[in-house]
Structures are given as C-alpha cells and as structure tokens.
Amino acid sequence: MLAVSAVTVQHPLLTAADLQEAGRQHSTDSKANIVHGLSVLEICLIIAMKHLNDVYDGEPFNFQMVYNEFQKFIQRKAHSMYNFEKPVVMKAFEHLLQLELVKPLERPSVRAQREYLLMKLLLDNTQIMDALQVYPNCPTDVKQWAASSLSWL
C-alpha cells in the first residue's frame, strides 16, 4: 500500500525503486528509531543494561544494578564527563520505562522501592548496536563501551 501512495499524475507507474523504498520503510525497526531520540545518559543506561544482560544471561535487573554498572563506566572511562546525580539518572531510567524500552516484570506495589523493582530490557544487542551506528554525535568512549564484550567489573 505504501508503494501505491507514490503514484501521482506526474509519476503514474510503480517502479522497482518505489517498491524498495516501501519495503525499507516497512521494515524499519521502531524501537531503534526511538533510540535515536535519546540523550547520551539514556543511551549509557541502555548500554549498562546490555552489559548486565550479557553478564547475567538475560536475568532481570533493577535500577540499582544499572546505576552501579553506569558508575563503573564513569569511574574507569568517562571520568566526570557524564557524572550525574542519582535522581537525574533515575529520571532518565523512568523515561526509558515510559518509552517501553524497559519493562517491569511485576506490577509495582506501594511498598516496593523503585530502585529494586526487577526489569527486563526490550531491545536486543543487534538493535542497540545498529542504533548506535547511526546515533548522531555519539561519543567515542560510549560506542567503545557498547562494543566491548566485558562489563566494567
């Protein structure tokens, strides 16, 4: 249907290029597109979650684990460049939750502390790495951290 919308009075016939463009637009990963609009802090949190998934074989994680992983990166590599207060990092984490890039495994109860609620990342490694390749002005150290197979333990 997308290819048919390219037909106009000036362009009355479908071409192979029209079909290819329609196929490209149809197969575009919507989650990868969301990643393009994230801040560097949010990208760093996704990378921290990616590393936790790799180290713990896809086991669920919580905000505190993600924050600790991010802090290790800051201390080893980025120094004070991305040094944010914990509430700011929590707000960025909550934004990822609102965008449905992360989801809680259970419904939050009134008593549960937000930092310890178990979560799951809804992006796979390929989606993350593909999105980083086209992320505008992504810092080199962040790309290197994402590409490294080791956590900053």
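Everything numeric here is computed off the predicted structure, so don't read it as measured data.

Novice: Got a minute to help me understand unusual backbone geometry in this structure?
Specialist: Although it is not a glycine, aspartate 57 adopts a positive phi angle of roughly 55 degrees. Residue class for aspartate 57 comes out exposed when judged on its relative accessible area of 72%. The backbone of asparagine 137 shows a phi angle near 55 degrees, a positive value even though the residue is not glycine. Looking at where asparagine 137 falls in the secondary structure, it is placed in the loop between helix H6 (125–134) and helix H7 (140–147).

Novice: Can you walk me through H7 in this structure?
Specialist: An α-helix turns once every 3.6 residues. As a result, residues three or four positions apart point the same way. Buried residues of H7: Asp141, Val142, Trp145 and Ala146, and no others. The arc enclosing the buried residues of H7, seen along the axis, measures out at 140 degrees, which places them on a common side. With respect to the buried face of H7, the exposed residues turned more than 90 degrees away are Thr140 and Ala147.

Novice: Honestly, the packing of helix H3 (residues 40–55) against H7 in this entry has me stumped. Any pointers?
Specialist: It is the contact of H3 with H7, at a shortest axis distance of 9 Å, that shows an interaxial angle of 20 degrees. Overall, the two elements H3 and H7 adopt an arrangement that is roughly parallel. For the element pair H3 and H7, the recorded crossing hand is left-handed. Contacts between H3 and H7 pair Val40, Ile43, Cys44, Ile47, Ala48, Lys50 and His51 from the former with Val142, Trp145 and Ala146 from the latter. Of the residues in the contact of H3 with H7, the class split is eight nonpolar, one polar and one charged.

Here is what the cut-offs are and how they apply
- Residues numbered from 1 in each chain as written.
- Predicted model: local features only at pLDDT ≥ 70, side-chain atom pairs only at ≥ 80, totals over all residues.
- Heavy atoms only, no water.
- Buried < 20%, exposed > 50% of the residue type's maximum accessible area, 1.4 Å probe, protein only.
- Helix = DSSP H or I, 4+ residues; strand = E, 2+ residues; numbered from the N terminus.
- Arc of directions from axis to C-beta.
- Axes fitted to C-alpha atoms, helices over the stretch in contact; angles between N-to-C directions.
- Parallel < 35°, antiparallel > 145°, perpendicular 65-115°, else oblique.
- Left-handed = near helix turned anticlockwise from the far one by under 90°.
- Contact = heavy atoms within 4.5 Å.
- Nonpolar A, V, L, I, M, F, W, Y, C, P; charged D, E, K, R; others polar.

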